[in-house]
Amino acid sequence: MDRLSIAVITGGTGDIGLAIARHLARTHSEIVLLDIDLDKSRQSVLNFPPEISKKITGITCDVTDPSALSQAVDTILSMKGASLKTLVNNAGGTRVASLHEMTPSAWKAEISLNLDAAYFCFNAFADALKQSPEPCKSVINISSANGILGTFGNPAYSTAKAGLIHFTRTIALEYGKYGIRANVVAPGTVMTDAWKVKMESNPNVFENLKKWYPLGRLVEVDEVASVVAFLASEHATGINGVCLPVDGGLTAGMPPVARSFGVSEHL
Ligand SMILES: NC(=O)c1ccc[n+]([C@@H]2O[C@H](COP(=O)([O-])OP(=O)(O)OC[C@H]3O[C@@H](n4cnc5c(N)ncnc54)[C@H](O)[C@@H]3O)[C@@H](O)[C@H]2O)c1
């Protein structure tokens, strides 16, 4: 029987998720998008070239619910020749900007979506990954620049994204022996739907942000997705347990701080 090399992408119908789907479709025979809201992606997927859209399946699933995940695993493994190659924990998001506005239930919800869900998904798919005959199999967790530096607000989200980096290292350490690699991609600001609310209250938000980026611009969805595709590929079989920022240098430092010294026009 032909092997069906599968990539599972959580939050797969979001802007970054769909870009990851397009990139992974080059090296996988089936892309499964797990998302709580599949409807919004339908048109985008239809606009993909047919050789990509025919590989994409959507499953409605709340990734913070272990029983929904277990049903999704059963559905995926019932596909003929199913062989799990890549799991991308990409579902995530944040609403509460400061500790002052935080509540215990909002804290729990953000930790649940941005950290617990990655563990729940890994736990749900771990056996399928272990048993998969794929020669190159890995887990890629999408963290954030917020998980590296604590200066960007959204405290529950940032705490969860930092935890996600550490969780990834534990997978790398314990599952390397099964041939499963685990790595993190940590994007800086990417213009996606996730920014809708902030844009409504501050239409200049992206312009304001650019000055903090050494490249003088934000990151594109394809720049995140191509790094995910690299980490999932045969070109990255020696890479395990790393956190790769895709942030145009944001977490390398803060250019305006050096400029504020006023000692050089080159900073
Ligand atoms: N956009 C950015 O600036 C940025 C920066 C750094 C990191 N990230 C991370 O990248 C990932 C994707 O972000 P995006 O910008 O594409 O966001 P997005 O809002 O466009 O997509 C997120 C997706 O997750 C889905 N989702 C939310 N809750 C879910 C749940 N309980 N179960 C299943 N699916 C659920 C949403 O329906 C949505 O499709 C997130 O983890 C985010 O934290 C984004």
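Quick caveat, the model's predicted, so the values are computed rather than measured.

Engineer: Tell me about the site of the ligand, and name the residues and values.
Structural biologist: The ligand sits among 28 residues. The nearest are D35, K40, N90, Y157 and T192. The separation between a nitrogen atom of the ligand and a polar main-chain atom of V63 is 3.0 Å. Against a free-state accessible area of 820 Å², the protein chains account for coverage of 90% of the ligand. Every element with two or more residues in the shell around the ligand is listed here: α1 (15-24) and α6 (155-175). Of the residues belonging to the shell around the ligand, the class tally is 12 nonpolar, 10 polar and six charged.

Engineer: Describe the side chain of H28, with residues and values.
Structural biologist: Its location among the elements puts H28 in the loop between α1 and β2 (30-35). For H28, a relative accessible area of 2% puts it in the buried group. Only 3.0 Å separates the side chain of H28 from the backbone oxygen of L24, close enough to count as a polar contact. At 3.1 Å, the side chain of H28 and the side chain of T27 are in polar contact.

Engineer: Lay out the packing of aromatic side chains with the relevant residues and their values.
Structural biologist: This model, assessed by the stated rule, comprises six aromatic pairs. A centroid spacing of 6.1 Å and a plane angle of 80° characterise the contact between Y119 and F167, whose relative ring orientation is edge-to-face. With Y119 in helix α5 (residues 104-131) and F167 in helix α6, the pair connects residues that are 48 residues apart, well separated along the chain. A relative accessible area of 39% places Y119 in the partly exposed class. Between the aromatic rings of W195 and F206, the centroid separation amounts to 5.5 Å while the plane-to-plane angle is 55°, which identifies the pairing as tilted. Note that W195 is positioned in the loop between β6 (180-187) and α7 (196-201) and F206 in helix α8 (residues 205-210), a separation of 11 residues in sequence. A single burial state applies to W195 and to F206, both of which are buried.

Engineer: Go over the packing of α1 against helix α9 (residues 221-231), please, and point to the residues and values.
Structural biologist: For the pair α1 and α9, the least separation of the axes is 8 Å and the interaxial angle reads 50°. When the interaxial angle is binned, α1 and α9 end up oblique. In terms of crossing hand, the pair formed by α1 and α9 is right-handed. In this structure, α1 contributes D15, I16, A19, I20, R22, H23 and L24 to the contact, and α9 contributes V221, D222, V224, A225, S226, V228 and A229.

Engineer: Tell me about the environment of E223, and name the residues and values.
Structural biologist: Inspection of the secondary structure assignment puts E223 in helix α9. Here E223 falls in the partly exposed class, since its relative accessible area comes to 28%. Note: C-alpha distance between E223 and L129 (94 residues apart in sequence) is 26 Å. Not counting chain neighbours up to four residues away, the residues in contact with E223 comprise R217, L218 and V246. A polar contact of 2.8 Å, which involves the side chain of E223, links it to the backbone nitrogen of E220.

Engineer: Residues and numbers for the UniProt feature "domain: Ketoreductase" (unreviewed entry) in the protein, please.
Structural biologist: According to UniProt, the positions carrying the feature "domain: Ketoreductase" (unreviewed entry) are residues 5-151. Taken end to end, residues 5-151 is 41% helix and 21% strand, and its two terminal C-alpha atoms sit 40 Å from one another.

Engineer: Mind laying out the sheet that holds strand β3 (residues 56-60), listing which residues take part and the relevant values?
Structural biologist: Strands sit in the order β3-β2-β1-β4-β5-β6-β7 across an open sheet of seven strands; the sheet is parallel. For this open sheet the edge positions go to β3 and β7 (243-246), each flanked by a neighbour on one side alone. Each strand axis lies, on average, 25° off the axis of its neighbour in the sheet, ignoring direction. Here six bridges tie strand β5 (residues 137-142) to β6, and the two strands are oriented parallel to one another. Counterpart to S138 in the pairing with β6 is R181. The sheet contacts of α1 involve β1 (4-10), β2, β3, β4 (82-89) and β5, and relative to β1 the element is tilted by about 165°. On the sheet, α6 packs against β5, β6 and β7 and is oriented at approximately 160° with respect to β6.

About the cut-offs
- Residues numbered from 1 in each chain as written.
- Predicted model: local features only at pLDDT ≥ 70, side-chain atom pairs only at ≥ 80, totals over all residues.
- Heavy atoms only, no water.
- Near = heavy atom within 4 Å.
- Polar contact = N/O pair within 3.5 Å; in protein donor to acceptor, adjacent residues only side chain to side chain.
- Areas by Shrake-Rupley, 256 points an atom, 1.4 Å probe, with all protein chains shown as cover.
- Helix = DSSP H or I, 4+ residues; strand = E, 2+ residues; numbered from the N terminus.
- Nonpolar A, V, L, I, M, F, W, Y, C, P; charged D, E, K, R; others polar.
- Buried < 20%, exposed > 50% of the residue type's maximum accessible area, 1.4 Å probe, protein only.
- Phe/Tyr/Trp six-rings, centres within 6.5 Å; stacked < 30°, edge-to-face > 60°.
- Axes fitted to C-alpha atoms, helices over the stretch in contact; angles between N-to-C directions.
- Parallel < 35°, antiparallel > 145°, perpendicular 65-115°, else oblique.
- Left-handed = near helix turned anticlockwise from the far one by under 90°.
- Contact = heavy atoms within 4.5 Å.
- UniProt positions renumbered as here; feature names shortened; annotations may be inferred.
- Pairing = 2+ DSSP bridges.

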